[in-house]
Amino acid sequence: MNNDTKKGVFFGILITIAAILVFNTAQIGYRTLIKKEINYETKEKTIYNLMKDNYVDDIDENEIYEGLYTGMVALATDKYSRYISAEDFESYKISTSGNYAGIGAKTSIDPDDYSIYIVSTYENSPAAKAGLKAGDKILKVDGTVVNYDNYSDAIDKIRGEEGTEITLTIKRGTETFDAKVTRGHVDVPTVGGTVLDNNIGYIKIEGFESVTYDQYKEVYEDLRDQGITSLIIDLRNNPGGLLDIVSEIADDIIPEGIITYTEDKNGKKEYIRSSQGELDIPLAVLVNENSASASELLTAAIKDTGKGIIIGKNTYGKGVVQTTLPLNDGSAVKLTTSKYYTPNGVCIDGKGIAPDIEVDNPTDYEYTTLSSNKVTCDTQNDKQLITAINELTK
């Protein structure tokens, strides 16, 4: 190989190396300068600036970030986890406490015309004392028209400081009138009971809130004083609630042993156990497809320990536990942090609990709801209740 050829090869190698370096440098520059959206923080700022600069109307920065937090939790986790804004967190704390200052009325939305109406008033509540009745439609709250779109705002407005007054515009039949209601302390009834024929006690539990265990004890002791010899616990349409509260009730019912145990993502198990002492009379438990979470935990503990007979429909199938984690600005994140297992080591998540005796009620059957700690049962048409009565009187 002559000198000219050697020089050509040498310069060719140099040019190739330089080209590779230029290409690699260009790739790095492309990734860092052009494809900055790979960095999530940069992408978020880029989208924000695009909206601010190009969107035809004004942008509310707070709404943008509230939406970002909401989507972050909702899209990356399960259906039970969620971000709770500071405003909503105040309502959430009220809903799980079971007590608040307000008028003491249960409301809902009429699916036919989307109007707001009173389902029931709690016994001795400000609403009851003001003469409000089930079926009354709420047209205005302190002069503000109430409708489907501002329903949550209206409910928040009805709640308020104890001793203050609110004016509700009510429609009852063809009559429209203003009712002044003085807000007061309200303990939401979550447990009600009565004595049926053959000395059968009946207890309805609508949810497991902070007031529920005390209400359960009061109702149960009242029924025992009336001489009940067996018991029906109705958990139908009970969506669940607080783990510590349902565990206290389970402790009063099942024998000494495991109520449930939880397991987190790292395999750490925590056991909740019942102490000595248990229910000493025959027991039947009513469940349906809307019995979920804590109500399933109680059902499973009773079924696995053989403490009672389960009647109704397969339950919802929520076998996970949520923990609410407050943030410094008053908002919170509610996250699924563990799964819970029955005393026999079964996680019912997605499966539910099969009843010992399956019984249907009509799909449009109206189940008992509570307005006080006293309740009236439908012993003529409630097939699930009738089955329970028959089992306890065999």
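Analysis parameters
Residues numbered from 1 in each chain as written. Predicted model: local features only at pLDDT ≥ 70, side-chain atom pairs only at ≥ 80, totals over all residues. Heavy atoms only, no water. Buried < 20%, exposed > 50% of the residue type's maximum accessible area, 1.4 Å probe, protein only. Helix = DSSP H or I, 4+ residues; strand = E, 2+ residues; numbered from the N terminus. Pairing = 2+ DSSP bridges. Right-handed = clockwise from strand over helix to strand, strands pointing away. Axes fitted to C-alpha atoms, helices over the stretch in contact; angles between N-to-C directions. Parallel < 35°, antiparallel > 145°, perpendicular 65-115°, else oblique. Contact = heavy atoms within 4.5 Å. Patch = residues over 30% accessible without salt bridge, like charges linked within 9 Å, V, L, I, M, F, W, Y side chains within 5 Å. Areas by Shrake-Rupley, 256 points an atom, 1.4 Å probe, with all protein chains shown as cover. Salt bridge = Lys/Arg side-chain N within 4 Å of Asp/Glu carboxyl O. Lys, Arg positive; Asp, Glu negative; His and termini not counted. Charge placed at Lys NZ, Arg CZ, Asp CG, Glu CD. Polar contact = N/O pair within 3.5 Å; in protein donor to acceptor, adjacent residues only side chain to side chain. Core = buried A, V, L, I, M, F, W, Y, C linked by side-chain atoms within 4.5 Å. Phe/Tyr/Trp six-rings, centres within 6.5 Å; stacked < 30°, edge-to-face > 60°. Lys NZ or Arg CZ within 6 Å of the ring centre and 35° of its normal.

Q: Where do I start with the pairing of strand β12 (residues 230–234) in this structure?
A: Side chains on a regular strand alternate between the two faces of the sheet. Most of β12 sits inside the fold, with five of its five residues counted as buried. When strand β11 (residues 200–205) meets β12, the two strands line up parallel, connected through five bridges. The residue bridging Gly-201 from the neighbouring strand is Leu-231, located in β12. One crossover worth recording links β11 to the parallel β12 by way of helix α7 (residues 212–225), and it is right-handed. Here β12 runs beside strand β15 (residues 283–287); their pairing, made up of four bridges, is parallel. Note that in β15 the partner of Asp-234 across the bridge is Leu-286.

Q: Hey, could you run me through the packing of α7 against helix α8 (residues 243–253) in this one?
A: Packed helix pairs are specified by the crossing angle of their axes together with the interaxial distance, meaning the distance between the axes. At a minimum axis separation of 8 Å, α7 and α8 run at an interaxial angle of 30°. Between α7 and α8, the angle falls in the class roughly parallel. Along the contact surface, α7 presents Thr-212, Tyr-213, Tyr-216 and Lys-217, while α8 presents Ile-245, Glu-248, Ile-249, Asp-252 and Ile-253.

Q: Any chance you could explain a negative patch on the surface here in plain terms?
A: The grouping of Asp-214, Glu-218, Asp-244 and Glu-248 at the surface amounts to a negative patch. Take Glu-218: it is sitting in helix α7.

Q: Could you clarify how one ought to interpret the pattern of salt bridges in this entry?
A: Pairs may arise between side chains of opposite charge once their charged atoms sit close together. Overall, the coordinates contain 14 salt bridges when judged by the stated rule. Note that Lys-217 and Asp-252 form a salt bridge whose closest N and O atoms lie 3.9 Å from each other. Here Lys-217 is found in helix α7, whereas its partner Asp-252 is found in helix α8, with 35 residues between them in sequence. Classification of Lys-217 as partly exposed rests on a relative accessible area of 28%.

Q: What exactly am I supposed to notice about the pairing of strand β14 (residues 269–274) here?
A: In terms of strand pairing, strand β13 (residues 257–263) meets β14 through six bridges, oriented antiparallel. Bridging from a neighbouring strand, Thr-260 pairs with Ile-272 of β14. What sits between the antiparallel neighbours β13 and β14 is a turn of five residues, in which Gly-267 has the positive phi angle 85°.

Q: Looking at this structure, I do not really get the side chain of Thr-167. What am I missing?
A: Mapping Thr-167 onto the fold places it in strand β7 (residues 165–172). Among the polar contacts made by the side chain of Thr-167, one reaches the side chain of Lys-180 at a distance of 3.3 Å. Apart from the residues lying within four places of it in its own chain, the contact partners of Thr-167 are Lys-140, Val-141, Asp-142, Asp-178, Ala-179 and Lys-180.

Q: What is the right way to read the side chain of Gln-384 from this model?
A: Relative to the elements of secondary structure, Gln-384 occurs in helix α10 (residues 383–392). There is a polar contact of 3.2 Å between the side chain of Gln-384 and the side chain of Asn-361. If near-sequence neighbours (up to four positions away) are discounted, Gln-384 is found in contact with Arg-236, Leu-286, Val-287, Ile-311, Gly-312, Lys-313, Val-359, Asp-360, Asn-361 and Tyr-367.

Q: How should I be thinking about the nonpolar core in this particular structure?
A: Buried together is how nonpolar side chains tend to be arranged in soluble globular proteins. Ile-203, Ile-205, Phe-208, Tyr-216, Leu-231, Ile-253 and Leu-298 are the most contacted members of the largest nonpolar core, which has 36 residues in total. For this core, the secondary structure elements donating two or more residues are β11, α7, β12, α8, β15 and α9 (294–304). Per element, the largest residue contribution to this core is six residues, and it comes from α9. If we ignore the near neighbours within four places in the chain, the residues touching Leu-231 are Gly-201, Tyr-202, Ile-203, Tyr-220, Leu-223, Leu-279, Ile-281, Pro-282, Leu-283, Ala-284 and Leu-392. Counting 18 residues, the second-largest nonpolar core is a separate cluster that includes Ala-127, Leu-132, Val-141 and Tyr-151.

Q: Please clarify how the environment of Leu-132 should be interpreted in this entry.
A: Looking at the element boundaries, Leu-132 is found in the loop between α5 (126–129) and β5 (137–141). Through-space distance from the C-alpha of Leu-132 to that of Ala-105 is 8.6 Å; in sequence the pair is 27 residues apart.

Q: Quick question: what am I supposed to make of α10 here?
A: In an α-helix, one turn spans 3.6 residues, which is why side chains three or four residues apart end up on the same side. Buried within α10 are the following residues: Gln-384, Leu-385, Thr-387, Ala-388, Ile-389 and Leu-392. Close packing links the buried residues of α10 with β10 (191–196), β11, β12, β15, β16 (309–312) and β19 (357–358).

Q: Any chance you could explain the packing of aromatic side chains here in plain terms?
A: In this description, an aromatic ring pair is defined by two values, namely the gap between the centres and the angle between the planes. Inspection of every chain in the model, using the stated rule, returns seven aromatic pairs. Ring geometry for Tyr-65 versus Tyr-69: centroids 6.4 Å apart, planes at 35°, classification tilted. Placement of the pair is Tyr-65 and Tyr-69 together in helix α3 (residues 61–76), with a separation of four residues, close to one helical turn. For Tyr-65, a relative accessible area of 22% puts it in the partly exposed group. Each ring, one from Tyr-261 and one from Tyr-271, has its centre 4.9 Å from the other, and the planes form 35°; the classification is tilted. Highlighted residues: Tyr-261 in strand β13 and Tyr-271 in strand β14, separated in sequence by ten residues. Ring pairs connect the aromatic residues Tyr-48, Tyr-65, Tyr-69 and Tyr-83, which therefore count as one cluster. Residue placement shows Lys-318 over the ring face of Tyr-80; its charged tip is 4.5 Å from the ring centre.

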